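A closer look at the structure
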Amino acid sequence: MTDINIKKVSYLAKLKLNDEKATKYEKSLSEIINWVDNLKKLDTEGTKPLHNITEKNTNLREDTVKKNNSTEEILSNAPEKAQNFFRVPKVVE
Amino acid sequence: MINDWEIVMGLEVHAQLKTESKLFSSSPNQFGSDPNNNVNYIDAGMPGMLPVMNSGCIDKAIKTGFALNFKINPYSVFERKNYFYADLPQGYQISQFEYPILTEGFVEIESENSLKKIRLERAHLEQDAGKSIHDIDPKYSFIDLNRVGTPLLEIVSYPDFSSADEVINYLTNLRQILMYIDVCDGNMQEGSLRADINLSVKKPNSKLGTRCEIKNMNSFKFIRQAIEYESKRQIEVLESGNKIEQNTLLFDTSTGETRPMRSKEFAHDYRYFPDPDLLPINISQDQIEKAKMKIGELPNQKLTKFIDDLGLEKDIAKIIISEKQYAEFFEGLISTKLIKAKTAASWLVGDIFSFIKDKNIQINEILNKSQKIIELLQLVEKGTISSKVGKDILIEVLEKNKDPGLLVKELGLEQVSDNEELEKIVDESLSGEEENIQKFQSGSDRVLGYFVGKCLKATKGKGNPKIISDLLIKKIKK
C-alpha cells in the first residue's frame, strides 16, 4: 500500500482543495497508485529501460532563429499584463 | 580555519550556451531584448506545442566534454522536473536526470602553489526559466519569458573544495575554458555563468556535516563574501551545541548575509519522469569527432606555448591568456614575426591595457590598429625611436589612428643615436655638477640615473638612453 499525502500533492500542484474534495481525491489517487504498484511485482532484472516506445532518435534542428511570436500574441491570453510583462500575484523567494 | 574546522564545498555551475536559438525552440537566445519579445508558443508553454532539440547544443556539450575530461555518453535522456513557479509556464523544466550527456570529468586548479584536481560528477543539458521582477510594484510580480528555454549546461562537481580561493580559481578556469571553446560568453553580470554553492563544515577526519546550498551566485566578490559568512555561521551554530538545518539560502548582497529562501513548508519533490515529447539523444561517433575538431586551443595549452616556446614570463603569459580575446590579439601581433614576442607582450599588458582600461573599451575595438602597433614596435625595436617616444605615439595611433612612421618623421622624433651630438649634451649636463660627479665616483649608482634623466630631458626624450649612459660612465670614470 502506498499512502497519498493529499496535502502535499495539492501543495505541489498549487491547488486548493476543500475537505470533501481532499478526501475524494486522496481515495482515488491511492487506488491508481496501488494499481500501478502491481508493476513492481514484475522481475525487470537485466531488462534495459525503454524510454520511448518508438526506440528512435530525437529529431534535431539546425541552430537557426526563426521568427518568434509577437509580444502582443504572447500576452494575448494573459489575465493581467503591464508594460509588456505578465502581471501575477506577488511571489517572493 | 577557526578552531580546526574544515570547510567542504561542491559547486553546481549553470553555463548558458552561446547559441543562436533556444534549446527546444527557434526563438532567439539573446540577452537584453524588450520584455517578452524573444518568446514563441513553445516557450510560453501553450498546449499542444512540441519541443524540437537544437543540434548546436549537442555540439557544445560534446566540446565541453572534451575540454573538461568528461566521458561523453552516446545515450542520454530528457526528463521533466516538475515544480510550480510563475516564470516557468510549462509547469516543469526539461532537464536530464538519470542519463546525463556527460559524466566523470575533472578540472585542474592551482591551490597553495600546487595543482589540485577537482572531480566533476556530471554535466547535463536543461532549459533556463523566465525572469520574475519583484521590485516594480508592491503588490505584484512581473514576468518576462525571454529567458525561458535558454540552453544551459549544468556542471556538477564533487565536494572537493576547501576554501574560497579554490572556488574562485575553479570558476576562473572554467569560465576561461568555456569561453575559449566558444560554448559560453562568460558574462557573469548578465547571468551567463552562475554558481550554486553547497557548503558544510566538519572537524578533521570526521564525516561530512549537514550542508546548505547558496543559490545563484554570479560575482566572484560576493561568492567570497558568501562563503566566509556562511562557514562562520555554521561553525557558530555547531560550537554553541546546535544542529545545522539543511536549507536553501540566498545571499543578500546589501547585508552581506545568507538567509533561507521562503516557501519550504514541504521538501521539494520534483517527480522526475522521462519527457514523452522528446526521444532520447543518440550521439554518433561521427558527431563526436566533428565537434572535437572545432575545439581549438585550450587556455592551458596556450599558456604552456607562450612560456615554453615564446619565452614569456609566467605572470605576463597568465594575464594574456586570461581572456580569449587578449590571447588572440597578442597572437595577431606576433603572427607577422616582425617583432619579438616579449616586446609585444610587455607593450600589450602595459600601455595597451592601460589605454583600453582608461577608455573603458574592449580590446577587439582596437583590433583594426594591430598593423600600426606592429609598425610602431618595430621602430622601437630598431632603436629608431626611444620607448618613451613610443609610448606617446602609441596613444596617437590608438586614439587618432595615426601612422607611426609618418608621425615620427613629421615631428622629428627619431631617436638621437649620433655620438657626437649626444656627447655635447652629456658634457653640458655635467657642467657645474662637481658635487654629484664626486658622489658617483665614490660609488653612488643613483647619480647615474639622475644624469641620464637630465640628458634625456635635454633631448626631449629622443636620446638613446643606452648610448647616453655609456658616454656618462666613460666621462665620469676618467
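Residues numbered from 1 in each chain as written. Chains lettered and ligands numbered in written order. Predicted model: local features only at pLDDT ≥ 70, side-chain atom pairs only at ≥ 80, totals over all residues. Heavy atoms only, no water.

**Section: the domain arrangement of chain B**
Assigned domains of chain B: these are domain 1 (2-290), domain 2 (297-411) and domain 3 (419-477). For domain 1 of chain B versus domain 3 of chain B, the separation of C-alpha centres amounts to 63 Å. (Domains from an automatic or database assignment.)

**Notes on unusual backbone geometry**
With the exception of glycine, most residues fall at negative phi, and the peptide bonds are largely trans. Residues other than glycine seldom take positive phi values, yet Asn36(B) does so here, at roughly 55°. Relative to the assigned elements, Asn36(B) resides in the loop between β1 (6-16) and β2 (53-54). (Helix = DSSP H or I, 4+ residues; strand = E, 2+ residues; numbered from the N terminus.)

**A closer look at the packing of helix α5 (residues 299-309) of chain B against helix α7 (residues 324-334) of chain B**
Residue and element names in this part refer to chain B. The contact between α5 and α7 brings their axes to 12 Å, and the two run at 35°. In this structure, α5 crosses over α7, and the sense of that crossing is left-handed. Note on element contacts: α7 touches α5 through Ala327, Phe330 and Glu331, opposite Lys302, Lys305 and Phe306. (Axes fitted to C-alpha atoms, helices over the stretch in contact; angles between N-to-C directions. Left-handed = near helix turned anticlockwise from the far one by under 90°. Contact = heavy atoms within 4.5 Å.)

**Comments concerning the side chain of Ser95(B)**
All names here are of chain B. Take Ser95: it is sitting in strand β6 (residues 92-96). With relative accessibility at 1%, the residue Ser95 sits in the buried group. For Ser95, the side chain forms a polar contact with the side chain of Glu126, separated by 2.9 Å. Discounting chain neighbours no more than four positions away, the residues touching Ser95 are Val77, Phe78, Glu79, His124, Leu125 and Glu126. (Buried < 20%, exposed > 50% of the residue type's maximum accessible area, 1.4 Å probe, protein only. Polar contact = N/O pair within 3.5 Å; in protein donor to acceptor, adjacent residues only side chain to side chain.)

**Quick word on the packing of aromatic side chains**
Applying the stated criterion across every chain yields a total of 11 aromatic pairs over all chains. Ring pairs connect the aromatic residues Tyr83(B), Phe97(B), Tyr270(B) and Tyr272(B), which therefore count as one cluster. Over the face of the ring belonging to Tyr11(A) we find Lys14(A), whose NZ or CZ atom lies 5.3 Å from the ring centre. It is Lys117(B) that lies over the ring of Phe106(B); its NZ or CZ is 4.2 Å from the centre. (Phe/Tyr/Trp six-rings, centres within 6.5 Å; stacked < 30°, edge-to-face > 60°. Lys NZ or Arg CZ within 6 Å of the ring centre and 35° of its normal.)

**Considerations on the nonpolar core**
Residue and element names in this part refer to chain B. Ranked by internal contacts, the top residues of the largest apolar core, which has 66 residues, are Leu11, Met53, Leu125, Ile155, Tyr170 and Leu178. Considering each element in turn, this core owes the most residues, seven residues, to helix α2 (residues 164-180). The residues contacting Tyr170, other than those within four sequence positions of it, are Leu11, Val13, Val107, Ile109, Ile118, Leu120, Ile155, Ser157 and Phe161. Counting 39 residues, the second largest nonpolar core, distinct from the first, contains Leu312, Ile321, Ile339 and Leu379. (Core = buried A, V, L, I, M, F, W, Y, C linked by side-chain atoms within 4.5 Å.)

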